[in-house]
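Structural features, examined
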Amino acid sequence: MPLWFARGLRRGIVTAHYPARPDDSSASLPTPPAFRPAALNRQVAGRLCAACPNGALRRENDVLIFDVGACTACGRCADAAPEAVVPSGQFELATTARSALIKRIPLAGEAAGE
Amino acid sequence: MTLNGKEVPADGPGPASSAEDGLTPASGTGEVARELRQRIAGQFGRSLHIRTLDTGSCAVCEQEIRLLAAPHYDLHRLGFFFTPAPRHADLLLVTGPMIRAMDVAVHKTYQAMPGPKVVVATGACALGGIYPQDPFVHGDAGKVLPVDVWIPGCPPSPLALLHGLLVAVGRLAEKTPGLTFLADGEAR
């Protein structure tokens, strides 16, 4: 009886176990993009920057500056260049320094255009 | 006046950083953050009261925050509670782009909270992502309040909010500085 009760309680709990272990729903969350530097050049980067509605992406020479704090995970960059952008799967992005959210993505692909 | 180990002007909340753009933290932030975490862990233990402050958000952040109290996420199991009064609150959860019409309310709310207090900017609006140039808003919570923790997302999911709250009280480590957002070399 006590065992049954304990098991029932255990299985009856619907509460997420986060942060002890990942929640099932976390896999289906919209997440900021991750980039493939090998597929990125200035042309693709220009397309990504133009597709971003929030200015979260901008290019400085051969570096793509990605402001994760401005990203809304809308997925328009992934639509604009599916070969270069995939969902990152990262949702635990809270930080004590705003500057930690600004990422530099090198453009390592073959030069095209320009 | 010093709050949370930071210098704050005596007449009201000041910007968190000395930088003009509000994106670059003042020097020594890492040390301040560590000290803050230790102080909060010592003083708040496992009970922390949250006041939410909507400064012109579209209310989707509020929907996600409200979900935190639902049985599935149940933030009470982690010792967090929502309070209706800023005078009872330890943590200010700010959403929205800091619309200028809320200046007085933001000021009064921050002043009413007893110290030590933590300010958490929630969502892309409060992080300066959506309205960086709009004349009706400050566009960035860091320009008005001394923000301690930034939670990105539009909206941040309840799990992301839980992570942010646990980072704010020093019970989880932040992962962001180690993330590169490069896809190569990862199995997908």
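Residues numbered from 1 in each chain as written. Chains lettered and ligands numbered in written order. Predicted model: local features only at pLDDT ≥ 70, side-chain atom pairs only at ≥ 80, totals over all residues. Heavy atoms only, no water.

**Regarding the state of the cysteines**
Residues and elements named next belong to chain A. All told, the structure shown has zero disulfides over all chains when counted by the stated rule. Unpaired in this structure, Cys49 has its nearest cysteine sulfur neighbour in Cys52, at a distance of 7.9 Å. No disulfide involves Cys52; its nearest neighbouring cysteine sulfur is the one of Cys74, lying 6.3 Å away. (Disulfide = S-S within 2.5 Å.)

**Quick notes on the nonpolar core**
One finds A:Phe35, A:Leu40, A:Leu48, A:Leu57, A:Leu64, A:Phe66 and B:Leu145 to be the most contacted residues of the largest nonpolar core, which totals 41 residues. Residue assignment for this core shows that the elements contributing at least two residues are helix H2 (42–51) and strand E3 (63–67) of chain A together with strand E5 (91–95), helix H3 (103–112) and strand E6 (118–122) of chain B. If one sorts the elements of this core by residue count, H2(A) sits on top with four residues. Dropping the residues within four chain positions of it, A:Phe66 is found in contact with A:Pro32, A:Pro33, A:Phe35, A:Ala56, A:Leu57, A:Cys71, A:Leu101, A:Ile102, A:Lys103, A:Ile105 and B:Phe181. Counting residues in each nonpolar core, the second largest holds 26 residues, with B:Leu78, B:Val149, B:Ile151 and B:Ala168 among its members. (Core = buried A, V, L, I, M, F, W, Y, C linked by side-chain atoms within 4.5 Å. Buried < 20%, exposed > 50% of the residue type's maximum accessible area, 1.4 Å probe, protein only. Helix = DSSP H or I, 4+ residues; strand = E, 2+ residues; numbered from the N terminus. Contact = heavy atoms within 4.5 Å.)

**So, the side chain of A:Arg98**
Residues and elements named next belong to chain A. Examined against the element boundaries, Arg98 turns out to sit in the loop between strand E4 (85–87) and strand E5 (102–106). When its relative accessible area of 2% is taken as the criterion, Arg98 is described as buried. Within the structure, the side chain of Arg98 is placed 3.0 Å from the side chain of Asp67, a separation counted as a polar contact. (Polar contact = N/O pair within 3.5 Å; in protein donor to acceptor, adjacent residues only side chain to side chain.)

**Some points on the confidence of the model for chain B**
Residue and element names in this part refer to chain B. On average, residues of chain B score 79 in pLDDT, and 76% of them reach the 70 mark or higher. Note that pLDDT drops below 50 for residues 1–25; the model gives that stretch 63 contacts with residues more than four away or on any other chain. Two summary scores accompany this predicted model of the complex, namely pTM at 0.78 and ipTM at 0.83. (pLDDT = per-residue confidence, 0-100.)

**Some points on the sheet that holds E5(A)**
Residues and elements named next belong to chain A. Strand order in this open sheet of three strands is E2-E3-E5, and the pairing throughout is antiparallel. Each edge of the open sheet is held by one strand with a lone partner, namely strand E2 (57–60) and E5. Taking each pair of neighbouring strands and ignoring which way they run, the sheet shows an average axis angle of 25°. The sheet contacts of H2 involve E2 and E3, and relative to E2 the element is tilted by about 145°. (Pairing = 2+ DSSP bridges. Axes fitted to C-alpha atoms, helices over the stretch in contact; angles between N-to-C directions.)

**Brief notes about the interface of chain A and chain B**
At the junction of the two partners, chain A supplies 43 residues and chain B supplies 42 residues. Summed over both partners, the interface of chain A with chain B comes to about 3,600 Å²; 61% of that surface belongs to carbon and sulfur atoms. Of all residues in chain A, the largest losses of buried area upon contact with chain B belong to A:Ala94, A:Thr96 and A:Arg98, amounting jointly to 20% of the total for that side. There are one salt bridge connecting chain A and chain B. Linking A:Glu92 and B:Lys175 is a salt bridge whose minimum nitrogen-to-oxygen distance equals 2.9 Å. (Buried area = accessible area lost by both parts, 1.4 Å probe. Salt bridge = Lys/Arg side-chain N within 4 Å of Asp/Glu carboxyl O.)

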